[in-house]
Amino acid sequence: NHPHADIRAGQGFLNQVYEAVTASPNWPTTALVVNYDEWGGFFDHVKPRLAPDARPDLGTGLRGFRVPCLLISPRARRRAIGREVYDHTSVLKMIEWRWHLDPLTPRDAAARNLAEVLDFVHPPNLEAPRWPVASAVGLPCSPAGGDFEDWHGLADLADGLGFELPLPVPLG
């Protein structure tokens, strides 16, 4: 579980990044990728697929649940959805393609290039809409309540197994 916090703080930060990037003199040649690391915790009717894996003996080739990704660029097709199978290594594939780099692993070698969804036929659309994003106002997660006690147990276990913990460990 994630800490019990206001997700508006993350959305506000993302909006600050968006506004800085789109106001930059580099905006005409920029691709901003917002890759979420979670699928939201709801049911997904699409079964995760296998991907090429550097260590198939470990059984880590399963892609996992689908996650949202935003590709923001003057070359991005407006109101378009990429309907092919992309994964986090598709970003790496785009970088490798752009800079003529060799793939790092079998997975990114086989990944679809995220640049496929960009429009290189028409002139770039430099228009970047702005939205009002409310600031998050609230208190940070309380170290005294909720599931925070789990962290004490994890710290004790790590200490008991001989892991070096950064000092001080602010566990409340």
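The structure displayed is predicted, hence computed values, not measured ones. (Residues numbered from 1 in each chain as written. Predicted model: local features only at pLDDT ≥ 70, side-chain atom pairs only at ≥ 80, totals over all residues. Heavy atoms only, no water.)

Asks: Break down the packing of aromatic side chains for me, with residues and values.
Replies: Per the stated rule, a full pass over the model turns up two aromatic pairs. When the centroid spacing of 5.7 Å and the interplanar angle of 45 degrees are considered together, the rings of Y18 and W131 count as tilted. Linking Y18 in helix α1 (residues 8–23) with W131 in the loop between α3 (106–110) and α4 (149–160), this pair joins segments that are 113 residues apart in sequence. Given the relative accessible area of 9%, Y18 is considered buried. Ring geometry for W97 and F120: centres 5.9 Å apart, planes at 50 degrees, overall tilted. Here the residue W97 occupies a position in helix α2 (residues 89–99), and F120 occupies one in the loop between α3 and α4, the gap between them amounting to 23 residues. Taking relative accessible area as the criterion, W97 reaches 44% and is therefore assigned partly exposed. For the cation-ring pair, R98 lies above W99, with the distance from its terminal atom to the ring centre recorded as 4.1 Å. (Phe/Tyr/Trp six-rings, centres within 6.5 Å; stacked < 30°, edge-to-face > 60°. Helix = DSSP H or I, 4+ residues; strand = E, 2+ residues; numbered from the N terminus. Buried < 20%, exposed > 50% of the residue type's maximum accessible area, 1.4 Å probe, protein only. Lys NZ or Arg CZ within 6 Å of the ring centre and 35° of its normal.)

Asks: Give me the lowdown on the pattern of salt bridges, citing residues and values where you can.
Replies: Here the structure, examined in full by the defined rule, presents four salt bridges. Its salt-bridge partner being R55, residue D57 comes within 2.6 Å of it at the nearest N-O pair. Here E116 and R112 are joined by a salt bridge, their closest N and O atoms 3.0 Å apart. Its relative accessible area of 37% is what places E116 among the partly exposed residues. Residue R112 is classed as partly exposed on the basis of its relative accessible area, which comes to 33%. (Salt bridge = Lys/Arg side-chain N within 4 Å of Asp/Glu carboxyl O.)

Asks: Explain the confidence of the model for the protein chain to me, using residue names and the numbers behind them.
Replies: Residues at a pLDDT of 70 or more form 81% of the protein chain, whose mean pLDDT is 83. When pLDDT is averaged over each helix and strand of the protein chain, the minimum, 74, is found for α4 and the maximum, 96, for α2. (pLDDT = per-residue confidence, 0-100.)

Asks: Which residues make up the nonpolar core, and what are the values?
Replies: With seven residues, the main nonpolar core is built from L71, A76, V91, M94, L114, A115 and L118. Discounting residues that sit within four places of it in the chain, A76 has contacts with L71 and L118. (Core = buried A, V, L, I, M, F, W, Y, C linked by side-chain atoms within 4.5 Å. Contact = heavy atoms within 4.5 Å.)

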